[in-house]
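Structure at a glance
Residues per chain, in single letters:
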Amino acid sequence: MRTAGSFRVLVSGLVLGLGLAIGDGFSADGATVTAASPSTTATPAHETRVTARYASSVLIFKVGEITLDARFSEAGYQADSFIEAAGLAALFTDFDIRAEVSGRGGSGGRQPLAYAHTERTGSKVRDVRIDFAGPVAETDVEPPFGSWGEPPASESDRTGVIDPMTAFFELSRRLEDGDGCQGRLSVFDGKARYDLRLETVGFERVRTRGWRGEALVCHAWYEPISGYDPEDYPNERELRHPLVLWLAPVVGQNGHLPVRLHTRAGFGGVTIELLSLDVTGAAPAQG
């Protein structure tokens, strides 16, 4: 079960956005990450927990809801996110994605250990898990894909990669280090292998229900590498425009979070905005 065409690109953007551009600005020295799900335990000392809620819309119509629950420390991170159709879209499709990731790393960068997502469309459900413990990312899928793409992602393609959620932890690290939004992120989602080519646009005042203040505007250009079936490969029009992110320092000066995202894929394009934000274990920045 794979979404196709413009919706495939849109889903990729949504999952990436849910990865949160949060990095080491949330960490505290000497902290550890618990093995339990972020949504089931209290927040220990020296660990920051972030919960956020987003709404996505096409033109003026609400089409989706997004929630995220994440924990960060010097030792590592855990996060899970949930995307579901809502509003107008819920009249036409019964669809949701649940994703989670755990990993390690502090100031030297973020490295995933395990990533998983469950995609449901109606009665059809597929579980995708990626093991990053070795040098080559390995996927376990149930039920199996009918095809791994033309061509499939090779071992070389799956070496030195990160998952869609960790991609934005790495972006935040670059922002904290003063490198801006630039370079590339090599991403593997369990089947598709793609790069995100980053470029800084500038700063802009942003006002949403969940944030008001100055944000860094970043373009993320989606560049497919391998693991795509012909019907899933984005067309030229879909690749002509970047995913636009407005990244704000919502915790201190270094913990960045997307407060708005926009993709022109699909009819009318899709905008995702932060509705609410709750931070424990650290004082939030003033918007």
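Figured I'd write up the structure that's included with this text. Keep in mind it's a predicted model, so treat the numbers as computed, not measured. (Residues numbered from 1 in each chain as written. Predicted model: local features only at pLDDT ≥ 70, side-chain atom pairs only at ≥ 80, totals over all residues. Heavy atoms only, no water.)

Quick look at a nonpolar patch on the surface now. On the surface, a cluster of nonpolar side chains totalling about 350 Å² of accessible area is made up of L59, I60 and F61. Take L59: it is sitting in the loop between strand 1 (48-58) and strand 2 (61-72). With relative accessibility at 53%, the residue L59 sits in the exposed group. (Patch = residues over 30% accessible without salt bridge, like charges linked within 9 Å, V, L, I, M, F, W, Y side chains within 5 Å. Areas by Shrake-Rupley, 256 points an atom, 1.4 Å probe, with all protein chains shown as cover. Salt bridge = Lys/Arg side-chain N within 4 Å of Asp/Glu carboxyl O. Helix = DSSP H or I, 4+ residues; strand = E, 2+ residues; numbered from the N terminus. Buried < 20%, exposed > 50% of the residue type's maximum accessible area, 1.4 Å probe, protein only.)

Within the secondary structure, R193 sits in strand 9 (residues 193-207). Looking at R193, its side chain comes within polar contact range of the main-chain oxygen of D157, at 2.8 Å. When sequence neighbours within four positions are dropped, the list of residues in contact with R193 reads A153, D157, V161, S186, V187, F188, P224, I225, S226 and Y228. (Polar contact = N/O pair within 3.5 Å; in protein donor to acceptor, adjacent residues only side chain to side chain. Contact = heavy atoms within 4.5 Å.)

Our next topic: the state of the cysteines. A full pass over the atoms with the stated rule returns 1 disulfide. Paired by a disulfide, C181 and C218 hold their sulfur atoms 1.7 Å apart. Here C181, found in the loop between helix 2 (164-176) and strand 8 (183-188), pairs with C218, found in strand 10 (residues 212-226); they are 37 residues apart in sequence, far enough to count as distant. A residue is classified by how much of its surface remains accessible, and C181, at 0% relative accessible area, is buried. (Disulfide = S-S within 2.5 Å.)

This part covers the nonpolar core. Grouped together as the largest cluster of nonpolar side chains are 42 residues, with contacts concentrated most on L171, L185, L196, L198 and V259. Broken down by element, the residue count for this core peaks at 7 residues, all from strand 11 (residues 243-251). Setting aside chain neighbours within four positions, we find V259 in contact with V206, T208, W211, A215, W246, A248, V250, I272, E273 and L274. Grouped together as the second largest cluster of nonpolar side chains are 18 residues, Y77, A79, I130 and V279 included. (Core = buried A, V, L, I, M, F, W, Y, C linked by side-chain atoms within 4.5 Å.)

These results come straight from atomic positions and should not be treated as a statement about function.
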